[in-house]
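# Examination of the molecular architecture
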Number of protein chains: 2
Amino acid sequence: MQKTKRLPVIEKIIAEENISSHAMLLRRLKAKGISCTQATLSRDLKQIGAGRVPDGKGGYKYTLPENSSNSAQPGYNKLQVLPVILDIVDAKGLLVIRTLPGNANNAAIYIDNTSRYEIAGTIAGDDTILVIPRDGITNHQLHTCLELILPGLHEQIKRK
Amino acid sequence: MQKTKRLPVIEKIIAEENISSHAMLLRRLKAKGISCTQATLSRDLKQIGAGRVPDGKGGYKYTLPENSSNSAQPGYNKLQVLPVILDIVDAKGLLVIRTLPGNANNAAIYIDNTSRYEIAGTIAGDDTILVIPRDGITNHQLHTCLELILPGLHEQIKRK
DNA sequence: AAGATAAATGAATAAATATGCAAAAAACAA
DNA sequence: TTGTTTTTTGCATATTTATTCATTTATCTT
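Everything quoted here is computed from the prediction, not taken from an experiment. (Residues numbered from 1 in each chain as written. Chains lettered and ligands numbered in written order. Predicted model: local features only at pLDDT ≥ 70, side-chain atom pairs only at ≥ 80, totals over all residues. Heavy atoms only, no water.)

## Describing helix H2 (residues 22-31) of chain A
Residues and elements named next belong to chain A.
- For H2, the full list of buried residues reads His22, Met24, Leu25 and Leu29. Relative to the axis of H2, the buried residues are bounded by an arc of 160° and lie together on one face. Opposite its buried face, H2 presents the exposed residues Arg27, Lys30 and Ala31, each directed more than 90 degrees away.
- Where H2 is buried, its residues meet helix H1 (3-16), helix H3 (38-48) and strand S2 (60-63). (Buried < 20%, exposed > 50% of the residue type's maximum accessible area, 1.4 Å probe, protein only. Helix = DSSP H or I, 4+ residues; strand = E, 2+ residues; numbered from the N terminus. Arc of directions from axis to C-beta. Contact = heavy atoms within 4.5 Å.)

## Points about the sheet that holds strand S6 (residues 128-133) of chain B
Residues and elements named next belong to chain B.
- Taken in spatial order, the four strands line up as S3-S4-S6-S5 in an open sheet, and their pairing is antiparallel. Each of the sheet's edge strands pairs with one partner strand only, and the pair in question is strand S3 (85-91) and strand S5 (119-124). Looking at each pair of strands side by side, their axes are set apart by 20° on average, direction ignored.
- Across four bridges, the pairing between strand S4 (residues 94-99) and S6 is antiparallel. When the sheet's bridge partners are listed, Val96 is paired in S6 with Leu130. (Pairing = 2+ DSSP bridges. Axes fitted to C-alpha atoms, helices over the stretch in contact; angles between N-to-C directions.)

## Side note on the interface of chain B and chain A
- Facing the 27 residues of chain B at the interface are 29 residues of chain A.
- Of the roughly 2100 Å² buried between chain B and chain A, counting both surfaces, carbon and sulfur atoms make up 57%.
- Put simply, chain B and chain A have zero salt bridges between them.
- Counting across the interface, chain B meets chain A through four residue pairs in polar contact (both at pLDDT 80 or more).
- Only helix H3 (38-48), strand S1 (51-54), S3, S4 and S6 of chain B provide two or more residues apiece to the side of chain B that touches chain A.
- The greatest single-element share of the side of chain B that touches chain A, amounting to four residues, is contributed by S1(B).
- The residue inventory of the side of chain B that touches chain A, partitioned by class, reads ten nonpolar, eight polar and nine charged. (Buried area = accessible area lost by both parts, 1.4 Å probe. Salt bridge = Lys/Arg side-chain N within 4 Å of Asp/Glu carboxyl O. Polar contact = N/O pair within 3.5 Å; in protein donor to acceptor, adjacent residues only side chain to side chain. Nonpolar A, V, L, I, M, F, W, Y, C, P; charged D, E, K, R; others polar.)

Structure, rendered in structure tokens:
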């Protein structure tokens, strides 16, 4: 199961290169040692929210959704946000994230700015964030979503 | 040659409705008295810059490019009492209201002060308010209530 | 206005993308 | 662990979208 490692790579490739088709993306992935089929790509792109739009030069290109975690969030650096998160706990369909004291608000803003569909909103205290999922979003979808926003998150927390 | 009249109509339809395929757009156009083939649509959409992206709900939808006419100047005269409110989302029978950073508390106080029966209470973070309805209050009643407190609210938010 | 040139369009088809289904792989529970 | 359930994946194929080519329609030019 290499989906978890594949998605971030796909996002990165789309962000950095001009990808015009699944076939092209497939080649780029292979060059990075990841191989899958067009069908899988189609599903991955759908999950990421990436779409194909005219590139204005007579062709087409894939783009990441607005405020994707990759579309550089001014003022926030992934590597700085990540280590402040201590713990993630499910509670009544909601998600409670604990951070270092005083860091909850910043982390929450970071999460909000990704404008992920799965997340209805967040509320931050001093060291705790409540993440409220939209109706119909499963617990697992929510975790996958968080993993997209902050790659390596769960991995890191497990390590603690 | 009706391209000149067709393009604006296509833009408008895409801006206002959720179009998921050429076939669907074709039907909408026909309903407006414009008829053409899928091939023409494909070319039109390319020229407009419209692309097909995942809608986050398991399907796809067409979107206009960033600075397209619809995302243009929001009429100033339409600004409401609390232009700090960005978004309202239903979640698990609760209501999540997102505001500009730092404005949640003020907005929440404003809502509290109306002492509406429908609202049991509110919790405000920095940019998010959780509105908790009384037991027995339907989702629809809650929205109607909010609309009473802040006339034109939903209308404004739809306009994004 | 007539002829020439360019733009627009549809029909057919090519190219690209999405999905049903079955199998395999992971995650989970006891 | 072992059995159970969920998720992921590829294959084959359906669906959707883009393009080629021929034709028509509009736009110039003189």
